[in-house]
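What the coordinates show
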Amino acid sequence: SSICDMLSYIGGEQMYRQVIEISIEEKKQEKSEKYKPAIYGQVRTYKANMKNGDYSIACSSAEQMAEMSIKAVGVRDGNFSNTLERNHDLIKQKRACRGKFDSIDDADLKELRNAYYAKYPNNPYHKKYNTKEQAEKLGKIASNVVDIALDELDVPMAERDKELGKRDKIETVDDFSVWRRINND
């Protein structure tokens, strides 16, 4: 009887651990999902500011596109502490994602981070990040980060089409990219 009780207890303990692990995974997924509207919103904000010629704000939005994307993946994978999630260091966040964003150069992430401050007129970066060329460069970098994140998060094409705009003509895999969708007008 005591052996049966012990086995029953061990089995119950294992089930309890499994339930806890599932609950933790669900929480991480749920928290990660909350970043997707922010990503889509920043893409739309970037696009609108480019169209309006407000390039310093477009540069800042590009940084936010990248930051929200990296955070969504890092949170989902459980690689972010609360401190790192609240942090704005894109390079530290990239490293915490363990290789998922390795195709993005650290120097580009540093430039995006600096560009975030371009929205403040009294900030020295405001003068550096206020041209169409600079905003386009940063938009392309950020779009690549968003593409990686959406792939990592297994976001279906139907959702991407709904949130980011559908391509009129699909000829290559690049036609699905965020950058192409931004410039679809």
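Rules used throughout
- Residues numbered from 1 in each chain as written.
- Predicted model: local features only at pLDDT ≥ 70, side-chain atom pairs only at ≥ 80, totals over all residues.
- Heavy atoms only, no water.
- Helix = DSSP H or I, 4+ residues; strand = E, 2+ residues; numbered from the N terminus.
- Buried < 20%, exposed > 50% of the residue type's maximum accessible area, 1.4 Å probe, protein only.
- Salt bridge = Lys/Arg side-chain N within 4 Å of Asp/Glu carboxyl O.
- Axes fitted to C-alpha atoms, helices over the stretch in contact; angles between N-to-C directions.
- Parallel < 35°, antiparallel > 145°, perpendicular 65-115°, else oblique.
- Left-handed = near helix turned anticlockwise from the far one by under 90°.
- Contact = heavy atoms within 4.5 Å.

Here we take up unusual backbone geometry. Backbone geometry at arginine 98 places phi at a positive 50°, although glycine is not the residue there. Mapped onto the elements, arginine 98 comes out in the loop between helix 5 (90–96) and helix 6 (106–116). Note on arginine 98: relative accessible area 66%, which makes it exposed. A positive phi angle, near 55°, is found at aspartate 154, a position not held by glycine. You can see aspartate 154 is positioned in the loop between helix 8 (132–152) and helix 9 (157–164).

A separate point is the pattern of salt bridges. Throughout the structure, instances matching the rule amount to 14 salt bridges. The partner of lysine 162 in a salt bridge is glutamate 163, and the shortest N-O contact between them spans 4.0 Å. If you follow the salt bridges from partner to partner, you end up with Glu63, Glu67, Lys71 and Arg113 in one network.

As a further point, take the packing of helix 2 (residues 35–52) against helix 3 (residues 55–77). In the contact formed by helix 2 and helix 3, the axes pass within 8 Å of each other and the chain directions differ by 165°. Of the possible angle classes, the one that applies to helix 2 and helix 3 is roughly antiparallel. Considering how the two elements wind past one another, helix 2 and helix 3 form a crossing that is left-handed. Contacts between helix 2 and helix 3 involve Tyr35, Ala38, Ile39, Gln42, Val43, Thr45, Tyr46, Asn49 and Met50 from the first element and Tyr55, Ile57, Ala58, Ser61, Ala62, Gln64, Met65, Met68, Ser69, Lys71, Ala72 and Val75 from the second.

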